[in-house]
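One-letter residues, chain by chain:
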Amino acid sequence: MTPHSMNKQELLSSLSSHQTQGLSAQEAKARLEKHGTNKLQEAKKKTMLQRFLDQFKDVMILILIAAAIISFAVVIAEKNWGELFEPALILLIVILNAVMGVMQESKAEKALDALKNLSAPHARVIRDGEESIIDASLLVPGDIIRLEAGDFVPADARLLQSSSLKCEESALTGESVPAEKDADATLPDKAPIGDRTNMIFSGCSVSYGTGTAVVCATGMDTEMGKIANLLEGETDTQTPLQQKLAQLGKYLGFVALLACAIIFIVGLTSGIPVLEIFMTAVSLAVSAIPEGLPAIVTIVLSIGVQRMVKKNALIRRLPAVETLGSASVICSDKTGTLTQNRMTLTQAWVDGMEDTEKISDNNSDAIKQLLLYGALCCDASIVIHGEDVQHIGDPTETAIVYAAHVNGMEKEQINDQNPRSLSLPFDSDRKLMTTINTVNCKTIAIVKGAFDMMASRCVKGDLEKAKEIVNRMSENALRVLAVGYRELDKIPENATPESIEKELTFLGLVGMIDPPRPEAKEAVAVCRKAGIKPVMITGDHVVTASAIAKELGILEEGDRAITGSELDTMTDTELDAQVEGIAVYARVSPENKIRIVKSWQRKGQVVSMTGDGVNDAPALKAADIGCAMGITGMDVAKGAADMTLTDDNFATIVDAVREGRGIYANIKKVVGFLLGTNIGEVITVFAAMLMWHVSPLLSMQLLWINLVTDSLPAIALGMEDVEKDVMEKKPKPKNEGIFANGLGIRIVLQGVMFALLTLIGYKVGENALGIDGGRTMAFMVLALSQVVQAYNMRSNHSLFKIGFFTNKKLNLAVLSSILLVCLVLFTPVRNAFSLVLLPIPLYLIALGLILVPLVVMEAAKAIGLVRPEK
């Protein structure tokens, strides 16, 4: 018997579970140990040893190792033991490089795993008779789970109850139309998966309705698990930028190999020993090819994403970080994202007053009486815990109750002082609610509701003036409620709306609105400054949406607000022609959202779109950056989105764009630093071999420079704080390359500068102390000028403006690099590297050459050759 062919009670008995109580926590723990976690089997991760060995798969590294082994063989054959240290040192540096590579990979993987854990799915489960939300991986067979529209199905389960339940099962069955489910269906044992209407399956989602089910299979035992081995593995985590950089690395590798081949030929014709020139050429190739660049970019991206989590933006996919830096249009929902999602009383008017009065904590006695009567005619309440106010009940009623509270009238207290005898609930026909209370020993019927319905029942009050106030409040997008009352002789026995809601005295009006978030207005202003178009998309009325949009600065002079029905009448061509002038879309459908996104995209814009429901998922997928709501958002929306806002706040989207721009800028700095220094190394050796037929640097010297100056400063540079003016620039064009705005030319020029400085250092040292002195000067100048360059790359602004040492991580990385360089310059280790001690004047000359990049870059920034991007 299979779960779908068994009746509910048989299945529950076979699983030793109970529909209302579920499993006990103890039993669930025991089953988890037996069945394992509810996860599909992942590809086995590589061991540390496998990762370490992978570092030696690069052809150039293998050639270098082969050369070192040949060198060993020659030394042993000739019994020239004094030459043994050089190949041993080369192997040691290669091993250290491999260790650094493993550390970088491990750090990147840990960061990516942390992101996966942050976005892990959850399940609503009943255990010990209580409902709770747990990590879906902890589900076991026999667990009772509850589902509603928008939820992912966390495991294979048999339905026990269902209400209009439909599931999206295309991932499993290929059926594009959601499958209707029926908990009471009885099915044959061999019913195919697509016909199992009383079952729900892991990996699918609920598109409509609600259901309760008992888990039958988890992990690899689910239908999805059975075909897991046939499914494609996890997609490549490399972002488009990383792929481009990896490709660039191959091109640079080809150029470096060509240069090294020429160096090798020139060296041979110049009489340099074959093994020495071969080792130098291969070492140069290893140093020049930026094979670690994609890994370092992964680390920079991952660290940036972790930083964004702290600012309430959870990035689900690394490529989204690159796209964020290009966002040029942000389409945002109104309620809860731009506004506080809490109705707030802002104005009130009492019959006889000339004008409205703003709600404060010390309103006039007339307004206080209006608030008292209004609050007595409310069923809602508020609960206050310190500064946290919890609103329970209808939002319009909680707004009145809270306004009364700030004026010193607590709901429980006024209810006790003015006890309610009976109430006539609100209904959509009357649009009124009535309560009968004893107020100051009098029996008072208090009525609140729509002004139009109230006015026709009033016999006292200036209704013309009231109508004028209502119109004025409505124009300001306020929702208006009227309050009236009637004094009764006694509490009626058979109260009906017809008998009570008549001959009323009009008391006054209250106006309320869901106010904008205080930080949203500033965020919109930041958007404008950053060249980003903010657009409001809402299901609310166009008048309300327009008022909020004007207050926030979204709807400006010349902008339009249109409704979904107006949008429906437009063709795509008409929408494309008008889209740039429309700032507010009201009463829209999910289909409208997709049209808006695609219209902006046809204009070449990068669009961010917010959404929270099942129907928003297509629009979130269509957008360049889909932003799901973390609080109100459903699982399906979160699954379709690139980013989840854990606080549902518009300002968080803007912060995320800021961080995205900062991360992308940091990656450009890292790329510029690594490529500039690597090109400098190639030009140095290439030029020296052509001009002087001698290599200014030996193989182990090149490898040591590569080891100590590349990795640590590059990673620290990628952790640079976001620059203050990053949101004062226009968005990066969609197809702009990483070398745009002159970066490519600057990289080459910087490489030439490093080469010139190193060659000057070499010649000065050679003239004073011979070839070893020249190589010592070249080694010192090339290594430490690259370290100085790390500071230059921090910003296109002057270091005097941003502060020399404000990046503490870079300071530590640079200090480590300097210490490692000094280790081989000033200790006996120098003998192994064929370096010598220099006279003090030469060290001073070297220091001058090392600081030249700082002077040159500061001068270039001062005269505008290097300037911040606009």
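Asker: For this particular structure, what's the right way to read the overall build of the chain?
Answerer: The secondary structure content of the chain amounts to 32 helices and 25 strands. Counting only C-alpha atoms, the chain reaches 120 × 75 × 55 Å along its principal axes. Looking at the 870 residues of the chain, the share that counts as buried comes to 52%. Taking contacts inside the chain between residues at least 6 apart in sequence as the whole, the part at least 24 apart equals 71%. Entry remark: accessible area of the chain is about 39000 Å², with carbon and sulfur atoms responsible for 56%.

Asker: For this particular structure, what's the right way to read the sheet that holds strand β24 (residues 625-629)?
Answerer: Strands in a sheet are paired, the pairing made by backbone hydrogen bonds, and the direction either parallel or antiparallel. Ordered by their spatial adjacency, 8 strands build an open sheet running β8-β25-β24-β23-β9-β20-β22-β21, and the pairing between neighbours is mixed. Of all strands in the sheet, those bounded by a partner on one side alone are β8 (313-315) and β21 (560-563). Adjacent strand axes in the sheet meet at a mean angle of 20 degrees when their direction is disregarded. Of the strand pairs in this sheet, strand β9 (residues 329-333) and strand β20 (residues 533-537) are connected by 5 bridges, and their pairing is parallel. Within β20, the position partnered with D333 by the bridge is I537. Its contacts with the sheet place helix α25 (residues 650-692) against β8, β9, β20, β23 (607-611), β24 and β25 (643-645), and it is angled at close to 155 degrees to β9.

Asker: Any chance you could explain the pairing of strand β13 (residues 388-392) here in plain terms?
Answerer: Working note: regular strand, side chains alternate between the two faces of the sheet. Examined bridge by bridge, strand β12 (residues 381-385) and β13 share 5 bridges and lie antiparallel to one another. The residue of β13 that forms the bridge with S381 is I392. The turn linking β12 back onto β13 is made up of 2 residues, and G386 within it adopts a positive phi angle of 65 degrees.

Asker: Looking at this model, I keep getting lost on the pattern of salt bridges. Mind explaining?
Answerer: It is possible for side chains bearing opposite charge to pair when their charged atoms get close. As enumerated under the stated definition, the model contains 29 salt bridges in all. The closest approach of N and O atoms between R472 and E468, which form a salt bridge, is 3.5 Å. Of the two residues, R472 and E468 both sit in helix α16 (residues 463-475), 4 residues apart, roughly one turn of that helix. Its salt-bridge partner being K529, residue E728 comes within 3.8 Å of it at the nearest N-O pair. Taken together, the positions of E728 in the loop between α27 (711-717) and α28 (743-769) and K529 in helix α18 (residues 518-529) put the pair 199 residues apart, joining distant regions of the chain.

Asker: Sorry, what's going on with the packing of aromatic side chains here?
Answerer: The geometry of an aromatic ring pair is captured by two quantities: the separation of the ring centres and the angle between the planes. Counted under the stated rule, the structure contains 9 aromatic pairs. An angle of 50 degrees between the planes, with centres 5.3 Å apart, marks the rings of F826 and Y843 as tilted. With F826 in helix α31 (residues 808-826) and Y843 in helix α32 (residues 840-863), the pair connects residues that are 17 residues apart, well separated along the chain. A relative accessible area of 41% places F826 in the partly exposed class. For Y843, a relative accessible area of 17% puts it in the buried group. In this structure, K732 packs its charged tip against the face of Y664, placed 4.6 Å from the ring centre.

Asker: Explanation requested: the nonpolar core in the structure shown.
Answerer: Side chains of a nonpolar character, in soluble globular proteins, are inclined to be buried together. Among the nonpolar cores identified, the biggest contains 143 residues, and F506, L509, M643, F650, F779 and M780 are the most heavily contacted of them. Here this core gets 17 residues from one element, more than from any other, and that element is α25. Grouped together as the second largest cluster of nonpolar side chains are 32 residues, L376, C378, I414 and V510 included.

Asker: Where do I start with the side chain of T396 in this structure?
Answerer: Looking at the element boundaries, T396 is found in helix α13 (residues 395-406). You can call T396 buried: its relative accessible area is 8%. What T396 contacts, discounting residues up to four positions off in sequence, is M343, R479, L481 and M512.

Asker: Where do I start with the packing of α18 against α25 in this structure?
Answerer: Helices that pack against each other are described as a pair by the angle of their axes relative to one another and the distance between those axes. Orientation of α18 relative to α25, taken along the N-to-C sense of each, is 35 degrees, at an axis distance of 8 Å. In the crossing of α18 with α25, the sense of the turn from one axis to the other is left-handed. Where α18 approaches α25, its residues E519, A520, A523, V524, V526 and C527 are matched on the opposing element by F650, A651 and V654. When grouped by side-chain class, the residues that make up the contact of α18 with α25 number 8 nonpolar, no polar and 1 charged.

Asker: Help me out: how do you make sense of a nonpolar patch on the surface in this one?
Answerer: Among the surface-exposed residues, F254, V255, L258, I262, L690 and M691 lie close enough to one another that they form a single nonpolar patch of about 590 Å² accessible area. Listed by contribution, the elements that provide at least two residues to the nonpolar patch are α8 (240-269) and α25. Residue contributions to the nonpolar patch peak at 4 residues, all from α8.

Asker: Looking at this structure, how should I read the packing of helix α26 (residues 699-709) against helix α29 (residues 771-792)?
Answerer: It is the contact of α26 with α29, at a shortest axis distance of 10 Å, that shows an interaxial angle of 20 degrees. Here α29 runs roughly parallel to α26, going by the angle between their axes. In this structure, α26 meets α29 at a crossing whose hand is right-handed. Contacts from Q701, W704, I705 and T709 in α26 reach R775, F779, L782, A783, Q786 and V787 in α29. Looking at side-chain class alone, the contact of α26 with α29 contains 6 nonpolar, 3 polar and 1 charged residues.

Asker: Mind showing me how you'd approach the environment of M473 here?
Answerer: Here M473 shows up in helix α16. When near neighbours in sequence (up to four residues on either side) are disregarded, M473 contacts Q347, A348, T356, L478, V480, V510 and G511.

Asker: I keep staring at α29 and nothing clicks. Help me out?
Answerer: For an α-helix the count is 3.6 residues per turn, leaving residues at separations of three or four pointing the same way. The terminal C-alpha atoms of α29 lie 31 Å apart, and with 22 residues this matches the ideal 32 Å at 1.5 Å per residue to within 8%. Of all 22 residues in α29, 20 are buried, a share of seventy percent or more.

Asker: Would you mind showing me how to read unusual backbone geometry here?
Answerer: Backbone phi values are negative for most residues with the exception of glycine, while trans is the configuration of most peptide bonds. For R587, which is not a glycine, the phi torsion comes out positive at approximately 50 degrees. The residue R587 is located in the loop between β22 (582-586) and α22 (590-602) in this model. At H693, a position not held by glycine, the phi torsion is positive, near 55 degrees.

Asker: Would you mind going over the pairing of strand β3 (residues 144-148) with me for this structure?
Answerer: Looking at chain direction, strand β1 (residues 122-127) and β3 are connected through 3 bridges and run antiparallel. In the sheet register, I126 faces β3, and the bridge partner there is I144.

Asker: Please explain α31 as it appears in this structure.
Answerer: Over its 19 residues, α31 runs 26 Å from end to end, which matches the ideal 27 Å to within 8%, given 1.5 Å per residue. All of the buried residues in α31 are L810, A813, V814, S817, V821, V824 and L825. Take α31 and look down its axis: the buried residues cluster within an arc of 115 degrees, on one side only. Opposite the buried face of α31, at more than 90 degrees from it, the exposed residues are K808, L812 and L819. Against α26, α27 and α29 lie the buried residues of α31. The residue sitting at the N-terminus of α31 and contributing the capping side-chain oxygen is N807; that oxygen lies 3.2 Å from the backbone nitrogen of K809.

Asker: It is not clear to me how the confidence of the model for the chain should be interpreted in this structure. Could you clarify?
Answerer: Interpretation of this model should avoid reading the predicted coordinates in detail wherever pLDDT is low. Looking at the chain as a whole, the pLDDT averages 85, with 90% of positions reaching at least 70. Element-level mean pLDDT values for the chain span from 66 in helix α5 (residues 85-118) up to 96 in helix α12 (residues 365-376).

Asker: Looking at this model, I keep getting lost on the environment of C260. Mind explaining?
Answerer: Tracing the backbone through its elements, the reader meets C260 in helix α8. Judged by relative accessible area, C260 falls into the buried class, the value being 5%. C-alpha separation for the pair C260 and A445, spaced 185 residues apart in sequence, amounts to 97 Å. Ignoring anything within four residues of it in the chain, the contact list for C260 reads A281, L284 and A285.

Asker: I would appreciate a short explanation of the state of the cysteines in the present structure.
Answerer: Simply put, the disulfide is a covalent bond whose two ends are the sulfur atoms of two cysteines. Evaluation of the coordinates by the stated rule reveals 0 disulfides. Note on C216: no disulfide assigned, nearest cysteine sulfur contributed by C167 at a separation of 14 Å. Overall, C216 belongs to the buried group, its relative accessible area being 17%.

Asker: Just checking my understanding: could you explain the environment of A288 for this structure?
Answerer: With respect to the helices and strands, A288 occurs in helix α9 (residues 274-288). In this structure, the C-alpha to C-alpha distance between A288 and V255, residues 33 residues apart in sequence, is 9.6 Å. Apart from the residues lying within four places of it in its own chain, the contact partners of A288 are A256, N678, E681 and V682.

The rules behind each value
- Residues numbered from 1 in each chain as written.
- Predicted model: local features only at pLDDT ≥ 70, side-chain atom pairs only at ≥ 80, totals over all residues.
- Heavy atoms only, no water.
- Helix = DSSP H or I, 4+ residues; strand = E, 2+ residues; numbered from the N terminus.
- Buried < 20%, exposed > 50% of the residue type's maximum accessible area, 1.4 Å probe, protein only.
- Contact = heavy atoms within 4.5 Å.
- Areas by Shrake-Rupley, 256 points an atom, 1.4 Å probe, with all protein chains shown as cover.
- Pairing = 2+ DSSP bridges.
- Axes fitted to C-alpha atoms, helices over the stretch in contact; angles between N-to-C directions.
- Salt bridge = Lys/Arg side-chain N within 4 Å of Asp/Glu carboxyl O.
- Phe/Tyr/Trp six-rings, centres within 6.5 Å; stacked < 30°, edge-to-face > 60°.
- Lys NZ or Arg CZ within 6 Å of the ring centre and 35° of its normal.
- Core = buried A, V, L, I, M, F, W, Y, C linked by side-chain atoms within 4.5 Å.
- Left-handed = near helix turned anticlockwise from the far one by under 90°.
- Nonpolar A, V, L, I, M, F, W, Y, C, P; charged D, E, K, R; others polar.
- Patch = residues over 30% accessible without salt bridge, like charges linked within 9 Å, V, L, I, M, F, W, Y side chains within 5 Å.
- Parallel < 35°, antiparallel > 145°, perpendicular 65-115°, else oblique.
- Expected span 1.5 Å × (residues − 1).
- Arc of directions from axis to C-beta.
- Polar contact = N/O pair within 3.5 Å; in protein donor to acceptor, adjacent residues only side chain to side chain.
- pLDDT = per-residue confidence, 0-100.
- Disulfide = S-S within 2.5 Å.

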